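One letter stands for each residue in the lines below.
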Amino acid sequence: MNRPVVRDFTLLLVRFVLGVVFVARGYQHWFVDGIDAVAAQFGAWNIPQAKFSAYLASSVELIGGALLIIGLMTTVVAGILLLQVALALYFVHVNNGFFVESGGVEYPAVLCIALLIVVVFGAGRASLDEVLNRA
């Protein structure tokens, strides 16, 4: 078994799945629910500067997810998304128990750990980061 190939494929798979999740969420905020509805929900959760936070979070999810998929600025983007999910854990999920069905920490905790893996191990060779580093 070629360990570097398995490692790079695993990092690609993690990046791709995380990227799709964040692009879908950002798309939903911008084009399905609408920023005003997202801002209203953020306000109900007592997130500071709800309107600004809705614009920022939705943009970071959409753009950051796309950058994860292609592997560009990967560790920085994963770190920013990790911070965003950690803030969501604090403001939204921590008082709702563990399970996702009750709005608990289960799902965002998994996202945090997956993002931390990308921050620590990088994008892998199947990424634009690697292509640009070789040039």
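Residues numbered from 1 in each chain as written. Predicted model: local features only at pLDDT ≥ 70, side-chain atom pairs only at ≥ 80, totals over all residues. Heavy atoms only, no water.

J.: It is not clear to me how the layout of surface pockets should be interpreted in this structure. Could you clarify?
T.: Any space left empty among the atoms is revealed by the rolling of a water-sized probe across them. Reported here for the largest pocket is a volume of approximately 890 Å³. Broken down by secondary-structure element, the contributors of at least two residues to the lining of the largest pocket are helix H1 (3–33), helix H2 (35–44), helix H3 (50–70), helix H4 (74–93) and helix H5 (106–121). Take the lining of the largest pocket: its biggest share by element is nine residues, from H4. Across the lining of the largest pocket, the residue classes tally to 22 nonpolar, eight polar and three charged. (1 Å grid on protein atoms, 1.4 Å probe; cavity = no way out; pocket = protein on both sides within 12 Å on 5 of 7 lines; lining within 4 Å. Points joined across faces, edges and corners; volume = space filled by probe spheres on them. Helix = DSSP H or I, 4+ residues; strand = E, 2+ residues; numbered from the N terminus. Nonpolar A, V, L, I, M, F, W, Y, C, P; charged D, E, K, R; others polar.)

J.: Can you help me understand the pattern of salt bridges in this one?
T.: A pair can form between side chains of opposite charge whenever their charged atoms are brought close. Under the criterion given, the structure shown has four salt bridges. Taking the shortest distance from any N to any O, the salt bridge between Arg7 and Asp8 comes out at 3.4 Å. Residue classification places Arg7 among the partly exposed residues on the basis of a relative accessible area of 38%. Using a relative accessible area of 7% as the deciding quantity, one classes Asp8 as buried. A salt bridge links Arg134 to Glu130; the shortest N-O distance between them is 3.6 Å. Pair noted here: Arg134 and Glu130 are both in helix H6 (residues 128–134), with a separation of four residues, about one helical turn. (Salt bridge = Lys/Arg side-chain N within 4 Å of Asp/Glu carboxyl O. Buried < 20%, exposed > 50% of the residue type's maximum accessible area, 1.4 Å probe, protein only.)

J.: For this particular structure, what's the right way to read the packing of H4 against H5?
T.: The relative placement of two packed helices is expressed as an angle between their axes plus a distance between the axes. Between H4 and H5, whose axes approach to 9 Å, the crossing angle comes to 160°. Considering the angle they form, H4 stands roughly antiparallel to H5. In this structure, the crossing between H4 and H5 has a hand that is left-handed. In this structure, H4 uses Thr74, Thr75, Ala78, Gly79, Leu81, Leu82, Val85, Ala86, Leu89 and His93 to contact H5, whose residues at the interface are Pro108, Ala109, Leu111, Cys112, Leu115, Leu116, Val118 and Val119. A breakdown of the residues in the contact of H4 with H5 according to their chemical character gives 14 nonpolar, four polar and no charged. (Axes fitted to C-alpha atoms, helices over the stretch in contact; angles between N-to-C directions. Parallel < 35°, antiparallel > 145°, perpendicular 65-115°, else oblique. Left-handed = near helix turned anticlockwise from the far one by under 90°. Contact = heavy atoms within 4.5 Å.)

J.: Even after reading the chapter, I still don't get H4, so can you show me in this structure?
T.: Every α-helical turn comprises 3.6 residues, leaving residues that sit three or four positions apart pointing alike. All of the buried residues along H4 are Thr74, Val77, Ala78, Leu81, Gln84, Val85, Leu89, Val92 and His93. Looking down the long axis of H4, one finds its buried residues gathered within 150° of arc, a one-sided arrangement. Exposed side chains of H4 directed beyond 90 degrees from the buried face belong to Val76, Leu83 and Tyr90. On its buried face, H4 sits against H1, H3, H5 and H6. (Arc of directions from axis to C-beta.)

J.: Got a minute to help me understand the packing of H1 against H5 in this structure?
T.: Where H1 meets H5, the closest approach of the two axes is 10 Å, and the angle between their N-to-C directions is 135°. As the angle between them shows, H1 and H5 are arranged oblique. Judged by the twist between their axes, the crossing of H1 over H5 is left-handed. Of H5, the residues touching H1 (which contributes Arg7, Leu11, Val14, Arg15, Leu18, Val21 and Phe22) are Tyr107, Leu111, Ala114, Leu115, Ile117, Val118 and Phe121. Looking at the contact of H1 with H5 residue by residue, the class counts come to 12 nonpolar, no polar and two charged.

J.: I'm lost on the nonpolar core in this one. Help?
T.: Inside soluble globular proteins, nonpolar side chains tend to come together where they are buried. Counting 16 residues, the largest nonpolar core has Leu18, Phe22, Leu68, Leu81, Val85 and Leu115 as the members making the most contacts within it. Elements represented by at least two residues in this core include exactly H1, H3, H4 and H5. In contact with Leu81, other than residues within four places in its own chain, are Phe22, Val60, Glu61, Gly64, Gly65, Leu68 and Leu115. Among the nonpolar cores identified, the runner-up in size contains nine residues, and Ile35, Ile47, Ala54 and Val92 belong to it. (Core = buried A, V, L, I, M, F, W, Y, C linked by side-chain atoms within 4.5 Å.)

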